[in-house]
Number of protein chains: 2
Amino acid sequence: MKSAQLLTDLCGTDRASVTDLLRARVKATPEAPFIVHGARRWSYAQGFDAMRRFTGFLDRQAGARPRVAVYLSKRPEAVFAWLGTTLAGGIHIALHRAHKGAVLEDLARRAKADLLVTEAAAWDRMPPLESCGIGRVLFVDEVPPEAASLTARRFDWRDVAASPLGEVRPSSQSDVISLLYTSGTTGRSKAVLVPHGMYARGAANIAAALGYRESDIMHDWMPLSHVGGQLHMTLATIAAGGCLAQYDTFSRTRFWEQIAEARASVFFGFANVLSLLMMAPESEDDRKHTLRIGLIAHMQGELQTEFERRFAIKLGDSYGMSEGEPMTLPTPDTPPGSCGKAGPDYELAIFDEDDRILPPGRLGRIAMRPRVPNVMMKGYEGDDEAAVEAWRNLWFHTQDLGRIDEQGFVWFADRLKHSIRRGGENISSIEVERTLLMHPDVHECAVVGVPDQLTGEAVKAVVVAKTGMTIDPRALHAFASERMARFMVPRYIEMRDVLPYTDVGKVKRDTLRDIGPAVWDSERKTA
Amino acid sequence: MKSAQLLTDLCGTDRASVTDLLRARVKATPEAPFIVHGARRWSYAQGFDAMRRFTGFLDRQAGARPRVAVYLSKRPEAVFAWLGTTLAGGIHIALHRAHKGAVLEDLARRAKADLLVTEAAAWDRMPPLESCGIGRVLFVDEVPPEAASLTARRFDWRDVAASPLGEVRPSSQSDVISLLYTSGTTGRSKAVLVPHGMYARGAANIAAALGYRESDIMHDWMPLSHVGGQLHMTLATIAAGGCLAQYDTFSRTRFWEQIAEARASVFFGFANVLSLLMMAPESEDDRKHTLRIGLIAHMQGELQTEFERRFAIKLGDSYGMSEGEPMTLPTPDTPPGSCGKAGPDYELAIFDEDDRILPPGRLGRIAMRPRVPNVMMKGYEGDDEAAVEAWRNLWFHTQDLGRIDEQGFVWFADRLKHSIRRGGENISSIEVERTLLMHPDVHECAVVGVPDQLTGEAVKAVVVAKTGMTIDPRALHAFASERMARFMVPRYIEMRDVLPYTDVGKVKRDTLRDIGPAVWDSERKTA
């Protein structure tokens, strides 16, 4: 299928903006259901009306191209505030509702927002408006009594509902629609400037690749502060003309009940969602549901295969990030564990450490170039240095390790920071760990690189045996040698009783690099 | 031919740095002539010795990876200082010898140099060392008596000659070798960070495409502050093993005398060099010379053809700029007026104003992507914002208008700032001017765009008739209509006695946009 064909079908051009997409969708299916949230529901016409009331509110309360920060749980008003801002030609900045304290304050200040949209329940975590330069705050439910102390002007949703329908201001694909904060796993989070083109074309391409239909109902719990919530859920659904059934968050225990209640046909999540659902014992009712598609990030092939078989749901993955989405799309012939092929708007390559393209099958850094304009970030706001670094040699350098095979299927492997460089080869810690976990006596393990004069880095595994079991490092080494490339096999194996974890449940890898006498070394001459 | 084959032949790898190239060249042909300047001459071994003395001087007078600013006329010491800096792993910053005053001071300050290399004759224009943070100055001839007042430490070339041979520090293709200041025609000049890879690979590709040989002697007057002087002349000659015959500047009257004196086989210049040489009356001796190749930028096809025929010299062009060279290279079948095909390390495209690639033959902005790493600038030092702007959509946006034809030949047309946008078409002022100049009665003319409600811009020509001649705008319009695409034909024609020029001989285009009653309008209803 031609890139963004759905956009062309709907808007008459593949150069349409999200604003154009919204108008065309409402014109095409005004009465179709758009959002369901608890007992409340909106058709596309009603939703568009709510967006335009918000636009009208902005006309009075903010200037041209307003910047609107949103600190909200998953709810319809979050969609109306975002897309109402879009119709006003403005920029939406979603603050993750889980943020608080100094981090939230930093993000809110950098938002340079004319208005903060929030809810009463956020009161005890709200960013300090004055020091963030925010002069107006809108509570989508009601203004909490404590808010009387604010010097900022206060509004509630009645002020929006009472606003006249705002004028729709055209945007082009190169205009910024959204500012997304990256997760900031390596330092301060960066502010990604997302253009309309990336979302309008991306939404059409995702909907087409996944096969979204007008009759689809999406089980939608993805936060709107995440590119997945904005693009894969909201906008791809709008492109297809489907319906969003909104839920606050993912709940393992309530999942099937929600699916039944919403009669949902599509669900969304990360790989852990599959693991959680697989924990339930198998049952005859496993296939008695309305779901037909799941869009799941970073699946292992085995888990995908088992889940698809057990629940009779087709799963697909789409690789990408705030800086560029969807870099890959699932195809009908994508093998389990792969995230599909490069999306039509992107060229992907696997790089060695000198930015040279590696041949098919080799593991290295995933790099991307856009094939058309306005389908990736315009830069990091306030951090041009980071953009120049990420764009060196005119490729976008992701922070991920992966492979592209002979058929063009892309395989995400690991975060680059977990990679080990051994004599010119990139090794994914996760891939080594997965294989070691296949050993029947291994409870858990962590694999790290340790400095090595000859090979740059050497592979070390720290292993915890199952209770009551003893593992001979020599035997585990032999087990690994049979199951992975020679350069991946851990040279060092250390047995421990437990692995050290951080507060948030990540292995403290920096504490695992010792190779003293207590550590078994496959290259040590034994007496 | 494979890209950078000459580099691989010489160094054993196409990943060689300029440092590797220098070492390999000296090892291959130590006794071959390298530089001739007046009565002085250096073999490659002697030149390398001079470079390494400079490296040794730097070892004592500057730290690791020194930054060396050079403010010199064309002379061998300028080459030794540059490449001695390179062997030290340092960065060379050449200040154009024509600069002075506030501009020179700004460039010198931004150089953040550990050392300034200059000459006694530069004394009255020298940048103020103290305010530029430069603590050391080296005069390559002698320290002028007035320099006793300087607080900076002063050296002359005897200090270099007396230095031990410095240790050669390896560099990689991604290391910066040179900082080049752009001409700054649109605002403050930018500081381009050039990596070794661009120069090492580029030198090999230029030498191979032009057919430089070990026996070649280059008539070399290009300033070393220009990418052409550094790359097309000096480094391409070193890649081929030829000899540089240095001259201060281009002289029309002394050109043929210099060619004979040096027995030069290659010359270099801009298109005006051809025009100047063609001014001499034709003579039987026109083909009695040693030249076989000329590398000339931005030639018109007719001039190239006439020059080649008259002097029996093959001319070629290579398109590029400080940010990326050589973007194109001449091929044996390149038609006159074209600058050849995209170099093997680059992908070129012609963009419309939305960064969409135009089909073959259409006029638009020339854009470039590197095919391999380290063959274009790493950025603009101290101006990341400009790099992000130039790299939007992950293409390097030149400021030039051009075409690529069906065969892949690239045709430079004009600077983008001289282009006229008329109803979706890019029009080159120069191309329209050239055609009008074919009219026998036109002395000179200038073509500009004037605002137009319907088409965005309309084309206006301001024309000066030859002395004693009168031109009827209607007739000139008809003349133009027969010779150019309809959208290029000037709607407005204004006859003037003279064109307004700036001090430096450029037409003051901003004063030509009036379309009052005195200006003939082809769309005006006549009485």
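No experiment lies behind these values; they were computed from the predicted model shown.

### Thoughts on the overall build of chain A
Scanning chain A from terminus to terminus reveals 14 helices and 26 strands. Expected size for 527 residues packed as a compact globule is a radius of gyration near 24 Å; at 25 Å, chain A falls within 12% of this value. Counting only C-alpha atoms and orienting by the principal axes, one finds that chain A spans roughly 85 × 50 × 45 Å. The buried share of chain A, taken over its 527 residues, is 58%. For chain A, long-range pairs separated by at least 24 residues make up 64% of all intrachain contacts whose partners lie at least 6 apart in sequence. If you sum the accessible surface of chain A, you get close to 22100 Å²; carbon and sulfur atoms cover 51% of it. In chain A, 65 side chains carry a positive charge and 68 a negative one; their mean positions are 2 Å apart.

### Structural notes on helix H4 (residues 76–87) of chain B
Residues and elements named next belong to chain B. Relative to the 16 Å expected for twelve residues at 1.5 Å per residue, H4 spans 16 Å between its end C-alpha atoms, a close match to the ideal helical length. Most of H4 is tucked away: twelve of the twelve residues are buried. Within H4, burial applies to Pro76, Glu77, Ala78, Val79, Phe80, Ala81, Trp82, Leu83, Gly84, Thr85, Thr86 and Leu87. Remark: glycine 89 follows H4 within two positions and exhibits a positive phi of approximately 80°.

### Quick word on the interface of chain B and chain A
With 26 residues of chain B at the interface, the matching set in chain A holds 26 residues. Of the roughly 2200 Å² buried where chain B meets chain A, counting both sides, 54% is carbon and sulfur surface. When the buried area of chain B at its contact with chain A is split by residue, B:Arg356, B:Val388 and B:Leu394 rank highest and sum to 31% of it. The interface formed by chain B and chain A contains six salt bridges. One salt bridge connects A:Asp14 with B:Arg356, and the closest N-O pair in it is separated by 3.9 Å. On the surface where chain B and chain A come into contact, there are eight residue pairs in polar contact (both at pLDDT 80 or more). Within the residue set of the side of chain B that touches chain A, elements represented by two or more residues are strand E18 (364–370) and helix H12 (384–390) of chain B. For the side of chain B that touches chain A, the element with the most residues is H12(B), which contributes four residues. In terms of residue class, the side of chain B that touches chain A is made up of ten nonpolar, three polar and 13 charged.

### Considering the pairing of strand E21 (residues 419–422) of chain A
Residues and elements named next belong to chain A. Here E21 pairs with strand E22 (residues 425–428) via four bridges, running antiparallel. Bridging from a neighbouring strand, arginine 421 pairs with asparagine 426 of E22. Taking the residues between adjacent antiparallel strands as the criterion, E21 and E22 are bridged by two residues, where glycine 423 takes a positive phi near 45°.

### Examining the packing of aromatic side chains
Applying the stated criterion across every chain yields a total of 30 aromatic pairs over all chains. Both rings, one in A:Trp221 and one in A:Phe250, keep their centres 5.6 Å apart while their planes meet at 55°; by these two values the pair is tilted. Of this pair, A:Trp221 sits in the loop between strand E10 (217–220) and helix H8 (227–240) while A:Phe250 sits in the loop between strand E11 (243–246) and helix H9 (255–262); the two residues are 29 residues apart in sequence, bridging distant segments of the chain. For the residue pair A:Trp221 and A:Phe250, the accessibility class agrees, reading buried in each case. Their ring planes at 85° and their centres at 5.1 Å tell us that B:Phe57 and B:Phe155 sit as a pair that is edge-to-face. Pair noted here: B:Phe57 is in helix H3 (residues 44–61) and B:Phe155 is in strand E7 (residues 153–156), with a separation of 98 residues, a long-range link. Each member of the pair, B:Phe57 together with B:Phe155, is buried.

### Quick look at the relation of the copies chain B and chain A
Between the two copies, chain B and chain A, the superposition gives an RMSD of 0.1 Å; the rotation angle is 180° and the shift along the axis is 0.0 Å. What the rotation and shift describe, once combined, is the action of a two-fold rotation axis. In this assembly the copies share their binding face: 100% of the residues contributing to the interface of chain B also contribute to that of chain A.

### What to know about the confidence of the model for chain A
Residues at a pLDDT of 70 or more form 98% of chain A, whose mean pLDDT is 94. Taken together, the chains of this predicted complex give a pTM of 0.90 and an interface ipTM of 0.88.

### A closer look at the pattern of salt bridges
Residue and element names in this part refer to chain B. Inspection of the entire model under this criterion finds 76 salt bridges over all chains. Note that arginine 75 is salt-bridged to glutamate 77, the shortest N-O span being 3.1 Å. For arginine 110, the salt bridge identified is with aspartate 106, shortest N-O distance 3.2 Å. In this pair, arginine 110 and aspartate 106 are both assigned in helix H5 (residues 101–110), four residues apart and thus about one turn of the helix distant. Taking the relative accessible area as the measure of exposure, arginine 110 reaches 17% and is therefore buried.

### Here's the deal with the pairing of strand E4 (residues 91–94) of chain B
Residue and element names in this part refer to chain B. Side chains of E4 alternate between two faces, with Ile91 and Ile93 and His92 and Ala94 buried alike. Pairing of strand E3 (residues 67–70) with E4, which is carried by four bridges, proceeds in the parallel orientation. What sits directly across from valine 68, in E4, is histidine 92. Crossover E3 to E4 through H4 is right-handed.

### Some remarks on the sheet that holds strand E17 (residues 346–351) of chain B
Hydrogen bonds between backbone atoms are what pair the strands of a sheet, whose relative direction is either parallel or antiparallel. Residues and elements named next belong to chain B. Strand order in the open sheet formed by four strands is E17-E18-E19-E20, and the pairing between neighbours is antiparallel. Each of the sheet's edge strands pairs with one partner strand only, and the pair in question is E17 and strand E20 (410–415). Neighbour to neighbour, the strand axes of the sheet diverge by 50° on average, direction disregarded. Relative to E18, E17 runs antiparallel, the two being bridged by six bridges. Residue tyrosine 346 lies in a different strand from E18, and its bridge partner there is proline 370.

Each value, and the rule that gives it
- Residues numbered from 1 in each chain as written.
- Chains lettered and ligands numbered in written order.
- Predicted model: local features only at pLDDT ≥ 70, side-chain atom pairs only at ≥ 80, totals over all residues.
- Heavy atoms only, no water.
- Helix = DSSP H or I, 4+ residues; strand = E, 2+ residues; numbered from the N terminus.
- Rg over C-alpha atoms; globule rule 2.2 N^0.38 Å.
- Buried < 20%, exposed > 50% of the residue type's maximum accessible area, 1.4 Å probe, protein only.
- Contact = heavy atoms within 4.5 Å.
- Areas by Shrake-Rupley, 256 points an atom, 1.4 Å probe, with all protein chains shown as cover.
- Lys, Arg positive; Asp, Glu negative; His and termini not counted.
- Charge placed at Lys NZ, Arg CZ, Asp CG, Glu CD.
- Expected span 1.5 Å × (residues − 1).
- Buried area = accessible area lost by both parts, 1.4 Å probe.
- Salt bridge = Lys/Arg side-chain N within 4 Å of Asp/Glu carboxyl O.
- Polar contact = N/O pair within 3.5 Å; in protein donor to acceptor, adjacent residues only side chain to side chain.
- Nonpolar A, V, L, I, M, F, W, Y, C, P; charged D, E, K, R; others polar.
- Pairing = 2+ DSSP bridges.
- Phe/Tyr/Trp six-rings, centres within 6.5 Å; stacked < 30°, edge-to-face > 60°.
- Least-squares fit on C-alpha atoms with pLDDT ≥ 70 in both.
- pLDDT = per-residue confidence, 0-100.
- Right-handed = clockwise from strand over helix to strand, strands pointing away.
- Axes fitted to C-alpha atoms, helices over the stretch in contact; angles between N-to-C directions.

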